[in-house]
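Each chain, written out:
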Amino acid sequence: MAKLNIVIGGVGGQGVITMGKMLIRAVKPEYKAVASETHGLAQRGGAVNVHVRIGDVYAPLVPLGRADYVIGLEAIEGLRNIRYACDSCVLVLNNKVQRPAIPKVALPTIDELINTAKNYVKVVVLVNAEDLALKAGNVKAANTVIIGTMLAVGKLRDFVDEEVLVNSLNDVNRKALYLGMENYDIVFSK
Amino acid sequence: MGRLLLLGNESIARGALEAGLAVAAGYPGTPSTEVIETLMKEKDRYVEWSVNEKVAFETAYGAAISGAYSLVSMKHVGLNVASDALMSSSYTGVEGAMVIFSAGDPSMWSSQNEQDNRYYGLMALIPVFEPFDPQSAHDLTVKAFEFSTKVKHPVLLVSNTRVNHSRTWVDVGELKPPVWGKLVKKPQVYSLVPAIARGNREKQLKRWELITEGVKEFNTIEGDGRKLIVTAGVGYAYVKELVEGDVRILRLGVSVPLNREQVLKAVEGVEEILVVEELEPIVETQLKNILFDEGIRVKVHGKDYVPRVGELTFEKVGKAVSKFLGLPFVEVKEPEVKIPDRPPALCPGCPHRSSFVDLKRGVVKGGLNTTFFSGDIGCYSLGVLPPFNSQDSLTEMGSSLGIANGIFRATNTVPVAVIGDSTFFHNGLSGLANAVYNNLPVLVVVLDNRVTAMTGQNPSPSREIEIEDVAKGLGVEFVKAFDPFNVKESIDVISEATRWVKENKKPAVVVAKRACALDVLDKVDGELPIAVVDEKKCTGCSICYDFFTCPAITVGKDKKAVIDQVLCIGCGACVPVCPYNAISLKGDVPKGWDEVWLS
Ligand code: SF4
Ligand code: SF4
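Within an unreviewed UniProt entry, the label attached to chain B reads Indolepyruvate oxidoreductase subunit IorA, and the organism entered is Stygiolobus caldivivus.

An unreviewed UniProt entry annotates chain A as Indolepyruvate oxidoreductase originating from Stygiolobus caldivivus.

Here is the structure:
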């Protein structure tokens, strides 16, 4: 049976868990779905990730090298999870680099991150998620923007019911979803 | 009856409600918190956050010995705090049902250690139920309550992070009305003076026989073959996804105790065994005991194949299973990607950040150039990170005062004990009483943000009881509060207290009072103010982002500070930090803003 593995990386507080929840809520009824979340101390501004697994699955975590999507709600956090990417992986990066709250960090630029990513994935997609979310009406809808992009690029569409997804959203998030479907850049494709 | 999208912990709460839970108590701790959080929404049951796990345990136990259905919840290390009560509860048994839920944290995502609490089952003679996913967590919880009433004994429900914090669709049943207790007086059972305890010990062992017989029904033997995999907890989920073909699997829903008859049935005709379990070889050891007693010579693999450190992953279980079945295992090479670390950080607007900055300056001004920062468990544990470096030790809830005592006795260095409000009530009180009683010169800094913040702003006793009053009541002579955002006041209070400790050779308590930023955000509506940097005044000195490190302050052109519009909550703490007055606040504050921060 088919499987879809997604690893979502982000900074604690960005709505990483919410995004995982939104995805499994919309999974077609014939598929199982499980999301593994990060709670507690690590959530406080630290690196967090959520593993979402859909289809014929039992285990909570995605195996290394088997993720069909790696998502960076913040660009560095996308790269932190790159070890999960499979050969045909789609990497979706929010066009944002957030400084870790430690003294004297040297921040990579988004271009450097994309260049590194090229070695590991098939497609790199860049989205201005926060700008689009603001346009939709609330900066907090950035993760919905990214779900929109995922529907446009990659296999997610086979596993979720778009109607269920759209119906579960309020107006702002619905707008954000559509904006994400239409406004992204494929900056690399193998 | 229906299907709900539930977190593992929520499905445990749901199971408890379907079993007839009446009384629940707990202390928050990742990854256990959501069980009590979920139960709190039920108005027809009694649910509380207790001051610590021991009190929570005794609350649930008190309810269960009166015939009620009860649950106590905590993280793995919390069971250490409750262990005194735990051991005795097994001697007496209960009248109703008592489920002790304890969530482990292998790989230590949010904990100081990764102890395997199934040992408590072996030590206390309490059966250990172990689910492998949210559905089995739900089902086993219902059964755990049934079993507890049937054998009149407390039961342990143990699960780890990946079960507690997995979310999936769960088939649920009907809620049952709560089963309350009635006044039962049986001092001949429940008053453990030696004569009674001796009798109880015999009865306990009889119940243990019954339990060992009864656990069979929670385990299953699946598949067939000459090779057997014995597995419990999340290990089963990995095995199930990895293994196909001629392999027999013994899945243990109860991992302590094993049932001899069932084990013998499972190993019949088997040539080799692999035990897949997270952390310690609890099942492995019991299994080997049985095989040895029965004179069965069959090779048992366990911790020689499956690592004892950290949580299970596909890779760990995959490697073990492949080796066991003689299949090739394709190892994925982990790429080395150079990116900065991102440790957890104090939130934008967190009052602790200011407290740590003020504290360092205050103690030096008070004449303590070198000191030992004896720390404790909470968000403020992050004070261990640069640039604060103000937690020289932190080992368990309430460790700050006791360790400070040892440091002073051994080195004569006047220590600073840093403790949060919730932790203060959890286990700091006895340490403070000891400091007064034994004349410990220590500066105690209580970071009072009115909540148990790390686990999700759970309420803390500091909302009802003033820490200053408690300290005075315990006999502390120097007690003062300050607002950590008021830099001058804070430094003055801290330096005065420091000098007082040195002169009087006694403890002083200062309390930093300002609410948790996340709690403030929950309580106010409307537009927030925002910090702005005057580019002309900013010299790029880096103090605000490298030494104050609010995550909302980032670096722009010429090292000048830039405020992240999304992250900044407009708390204003950075305003006095800039020596060049380059930072100011823009915008109006919402209604009730100051009151919420300082309440
Ligand atoms: S502390 Fe003031 S001068 Fe220094 S970088 Fe920050 S805003 Fe600029
Ligand atoms: S006002 Fe200053 S300290 Fe407060 S959140 Fe904004 S940048 Fe951080």
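A. Region of the structure containing the UniProt feature "binding site: [4Fe-4S] cluster 2" (unreviewed entry) in chain B. All names here are of chain B. With numbering aligned to this structure, UniProt lists the feature "binding site: [4Fe-4S] cluster 2" (unreviewed entry) at Cys-550, Cys-568, Cys-571 and Cys-574. Sequence-wise these annotated residues cover 25 residues; spatially they are packed, their C-alpha atoms never more than 10.7 Å apart. Owing to a relative accessible area of 12%, Cys-568 belongs among the buried residues under this scheme. Other than its neighbours up to four places away in sequence, Cys-568 contacts Ile-530, Ala-531, Ala-552 and Ile-563. Here Cys-574 lies in the loop between β24 (561-563) and β25 (583-586).

B. Fine view of the UniProt feature "binding site: [4Fe-4S] cluster 1" (unreviewed entry) in chain B. All names here are of chain B. Within this structure's numbering, the places UniProt gives as "binding site: [4Fe-4S] cluster 1" (unreviewed entry) are Cys-538, Cys-541, Cys-544 and Cys-578. In summary, the annotated positions, though distributed over 41 residues, converge in three dimensions, the widest C-alpha pair being only 10.4 Å. Residue classification places Cys-538 among the buried positions, given a relative accessible area of 11%. Among residues more than four places away in sequence, those in contact with Cys-538 are Val-533, Lys-560, Ala-561 and Ala-582. Along the chain, Cys-541 turns up in the loop between β22 (530-533) and α20 (543-548). Classification of Cys-541 by relative accessible area gives partly exposed; the value is 31%. In this view, Cys-541 contacts Pro-579 and Tyr-580; residues no more than four positions away in its chain are not counted.

C. A look at the site of ligand 2. Around ligand 2 there are 13 residues in total, and Cys550(B), Cys568(B), Cys571(B), Gly572(B) and Cys574(B) lie nearest to it. Among the residues making up the shell around ligand 2, the classes are represented as ten nonpolar, three polar and no charged.

D. Spatial organisation of the packing of aromatic side chains. All names here are of chain B. Under the definition given, this model contains 13 aromatic pairs over all chains. Ring geometry for Phe-478 against Trp-500: centres 5.6 Å apart, planes inclined by 45°, an arrangement best described as tilted. With a gap of 22 residues between them, Phe-478 in strand β20 (residues 478-482) and Trp-500 in helix α18 (residues 487-504) connect regions that are remote in the sequence. Assigned by exposure class, Phe-478 and Trp-500 land together as buried. Feature note: the residues Phe-129, Phe-147 and Phe-218 constitute an aromatic cluster, connected by ring pairs. When the ring centre of Phe-324 is taken as reference, the NZ or CZ atom of Lys-227 above it lies at 4.9 Å. Sitting above the plane of the Phe-548 ring, Arg-353 keeps its charged end 5.7 Å from the centroid.

E. How the structure looks around helix α1 (residues 8-19) of chain B. Residues and elements named next belong to chain B. Taking 1.5 Å of rise per residue, the twelve residues of α1 would be expected to cover 16 Å, and the 17 Å separating its terminal C-alpha atoms lies within 8% of that figure. With eleven of twelve residues buried, α1 is to be regarded as a mostly interior element. Buried within α1 are the following residues: Gly-8, Asn-9, Ser-11, Ile-12, Ala-13, Arg-14, Gly-15, Ala-16, Leu-17, Glu-18 and Ala-19. Gly-20, located one to two residues past α1, shows a positive phi value of around 105°.

F. Representation of the side chain of Asn160(B) in the model. Residues and elements named next belong to chain B. With respect to the secondary-structure elements, Asn-160 resides in strand β7 (residues 155-160). A relative accessible area of 14% means that Asn-160 is categorised as buried. For Asn-160, the contacting residues outside a window of four places in its chain are Gly-104, Asp-105, Pro-106 and Glu-278.

Scoring rules and cut-offs
Residues numbered from 1 in each chain as written. Chains lettered and ligands numbered in written order. Predicted model: local features only at pLDDT ≥ 70, side-chain atom pairs only at ≥ 80, totals over all residues. Heavy atoms only, no water. UniProt positions renumbered as here; feature names shortened; annotations may be inferred. Buried < 20%, exposed > 50% of the residue type's maximum accessible area, 1.4 Å probe, protein only. Contact = heavy atoms within 4.5 Å. Helix = DSSP H or I, 4+ residues; strand = E, 2+ residues; numbered from the N terminus. Near = heavy atom within 4 Å. Nonpolar A, V, L, I, M, F, W, Y, C, P; charged D, E, K, R; others polar. Phe/Tyr/Trp six-rings, centres within 6.5 Å; stacked < 30°, edge-to-face > 60°. Lys NZ or Arg CZ within 6 Å of the ring centre and 35° of its normal. Expected span 1.5 Å × (residues − 1).

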